[in-house]
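# Coordinate analysis (summary)
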Amino acid sequence: MTAPHVGIWMYENGGGKAIEQKLVHALAERGIETTTGLNLRDARAQDGQIYCNGIVMEHLDAFLSYNAGQQTQYQLYLYQALSESIPTLNNFHAFSLAEDKFRTSHLLNSHGVVTADYRLCHKNDIAGLKAAIRDFGGKLVYKPTDGWGGVGVVKIEGEHALDMLLPFLSRTDLRYFYVERFINYDNTDYRIDVVDGKCVGCYGRKAPKDDWKTNITSGGSVFVREPNDEVVELAIKASKLLGLEIAGVDLIYDREHERFVVLEVNTIPAFATPEQEQLGINFNQTKLDAMVDLIEKTVQQKQALHTFKVA
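From a predicted model like this one, the values you see are computed outputs, not experimental measurements.

Here the focus is unusual backbone geometry. Of note, the bond from Leu 89 into Asn 90 is cis; its omega dihedral lies within 30 degrees of zero at 0°. A positive phi angle is found at Asp 47, which is not glycine, with a value near 50°. Classification of Asp 47 by relative accessible area gives exposed; the value is 72%. We note that Asn 53 has phi near 50°; this positive angle belongs to a residue other than glycine.

Bringing the layout of surface pockets into the picture now. Taken as a whole, the second largest pocket holds about 150 Å³ of empty space. Looking at the second largest pocket, the residues that line it are Phe 136, Gly 137, Lys 139, Lys 155, Arg 181, Phe 182, Ile 183, Asn 184 and Glu 256. Split by residue class, the lining of the second largest pocket holds three nonpolar, two polar and four charged.

Another aspect to go through is the pairing of strand E1 (residues 5-10). For E1, the tally of buried residues reaches five of six residues, placing the bulk of the element in the interior. In terms of strand pairing, E1 meets strand E2 (residues 33-35) through three bridges, oriented parallel. By the bridge assignment, Gly 7 is partnered in E2 with Thr 35. Between the parallel pair E1 and E2, the chain is carried across by helix H1 (residues 16-29), and the sense of this crossover is right-handed. With five bridges joining them, E1 and strand E6 (residues 62-66) adopt parallel strand pairing.

The next thing to look at is the sheet that holds E6. Pairing within the open sheet is parallel, and its four strands lie in the order E2-E1-E6-E7. At either margin of the open sheet sits one strand with a lone partner, and together these are E2 and strand E7 (88-89). With respect to the sheet, H1 is in contact with E1, E2 and E6, its orientation differing from that of E1 by roughly 170°.

Quick look at the packing of aromatic side chains now. Tallying each qualifying case throughout the model produces 13 aromatic pairs. Geometrically, the ring pair formed by Phe 182 and Trp 212 is edge-to-face, given 5.6 Å between the ring centres and 85° between the ring planes. Highlighted residues: Phe 182 in the loop between strand E11 (176-181) and strand E12 (188-195) and Trp 212 in the loop between strand E13 (198-206) and strand E14 (221-223), separated in sequence by 30 residues. For the pair Phe 182 and Trp 212, one class covers both residues: buried. The ring of Phe 182 carries Lys 155 above its face, with NZ or CZ at 4.4 Å from the centroid. The residue whose ring lies beneath Arg 225 is Tyr 190, and the NZ or CZ to ring-centre distance is 4.0 Å.

This brings us to the pattern of salt bridges. Side-chain pairs of opposite charge can arise where the charged atoms are in close proximity. Scanning the entire structure with this criterion turns up 20 salt bridges. Note that Glu 296 and Arg 30 form a salt bridge whose closest N and O atoms lie 2.8 Å from each other. Of this pair, Glu 296 sits in helix H9 (residues 284-310) while Arg 30 is found in the loop between H1 and E2, placing the two residues 266 residues apart along the sequence. The partner of Lys 139 in a salt bridge is Glu 157, with the nearest N and O atoms 3.9 Å apart. You can see Lys 139 sitting in strand E9 (residues 139-142) and its partner Glu 157 sitting in strand E10 (residues 154-157), a full 18 residues away along the chain. The class of Lys 139 is partly exposed, set by a relative accessible area of 33%. Connected via shared salt-bridge partners are Asp 117, Arg 181, Asp 254 and Glu 256.

Tallying each qualifying case throughout the model produces three cavities of 30 Å³ or more. Estimated volume of the largest cavity: approximately 300 Å³. Lining the largest cavity are 26 residues, and of these Lys 143, Trp 212, Lys 213, Asn 215 and Leu 263 lie nearest its centre. Elements supplying a minimum of two residues to the lining of the largest cavity: E11, strand E15 (246-254) and strand E16 (259-266). Class assignment for the residues of the lining of the largest cavity results in twelve nonpolar, five polar and nine charged. Contributing to the lining of the second largest cavity are Ala 98, Lys 101, Thr 104, Ser 105, Leu 108, Thr 115, Val 262, Leu 263, Glu 264 and Val 265. At the level of secondary structure, the elements contributing two or more residues to the lining of the second largest cavity comprise helix H4 (101-110) and E16. When grouped by side-chain class, the residues that make up the lining of the second largest cavity number five nonpolar, three polar and two charged.

Here we have five strands laid out as an open sheet, ordered E14-E13-E12-E15-E16, and antiparallel in their pairing. Only two strands of the sheet have a single neighbouring strand rather than two, namely E14 and E16. In this sheet, neighbouring strand axes are inclined to one another by 35° on average, regardless of whether the strands run parallel or antiparallel. Where E12 meets E15, six bridges bridge the pair, whose relative direction is antiparallel. Paired with Val 195 across the strands is Ile 246, a residue of E15.

About the criteria used
Residues numbered from 1 in each chain as written. Predicted model: local features only at pLDDT ≥ 70, side-chain atom pairs only at ≥ 80, totals over all residues. Heavy atoms only, no water. Buried < 20%, exposed > 50% of the residue type's maximum accessible area, 1.4 Å probe, protein only. 1 Å grid on protein atoms, 1.4 Å probe; cavity = no way out; pocket = protein on both sides within 12 Å on 5 of 7 lines; lining within 4 Å. Points joined across faces, edges and corners; volume = space filled by probe spheres on them. Nonpolar A, V, L, I, M, F, W, Y, C, P; charged D, E, K, R; others polar. Helix = DSSP H or I, 4+ residues; strand = E, 2+ residues; numbered from the N terminus. Pairing = 2+ DSSP bridges. Right-handed = clockwise from strand over helix to strand, strands pointing away. Contact = heavy atoms within 4.5 Å. Axes fitted to C-alpha atoms, helices over the stretch in contact; angles between N-to-C directions. Phe/Tyr/Trp six-rings, centres within 6.5 Å; stacked < 30°, edge-to-face > 60°. Lys NZ or Arg CZ within 6 Å of the ring centre and 35° of its normal. Salt bridge = Lys/Arg side-chain N within 4 Å of Asp/Glu carboxyl O.

As structure tokens, then:
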């Protein structure tokens, strides 16, 4: 039997290149060949196959797509097509589900996982939006359903502020509005990293002074934070419900209702940067080992299925 062959597209900034090298080395020690740099931006599809940098992607035993910042609609389109032929990590169905904030909240709520109270309204349902801001105590957060890093997230306080925003929103090509109740919290969160159903890391994030968003891209900072059993259990349950092999689950504590809330589930949670490791956030090796185990299990399952079909 030929050695398994895995394709990788990994982010390079923030220490990502060094993580990729460690991943490649660890997989080689287990007899798994790798090809890196498989950016689907450079791919084309023809005659039933997707070609990327000289590689027939369907010949791979698995593909790890681990770059959030450079995803385009073209890449995602090919990612979806590829996932119908070979295992992808994350699997595309779970990836696309978790990338949608409304669908994520809706699914988690239907299975008893608490998220922020939310409303999805048609773009012409102004009455529904105004009812939401009243029901949510005069404060709500507008979020693009497919955004990340806090981009496009806006806090709206009071009907007057909503009235001022509506003319702008009406000129966009949005088909609907997704809004959440603004949660009274201490401006810190938990980021719980989960790989193959196990917690592999935790750290905290804190919003900058005079702000409420903890996202690093919005100016938030990280700090060492030990998880408790409740947030770990919630993070694992959320990732399993969504079907994600790899997830970063963000949770905050709702001071008004005295409970933890799953705020968001990320499909490509970053490793700790070298600067963050210097602060004592040292989960990278644990996470890397878990991802190597996951990739090995994935290619073994694929090869076993192929052997069964041939036999």
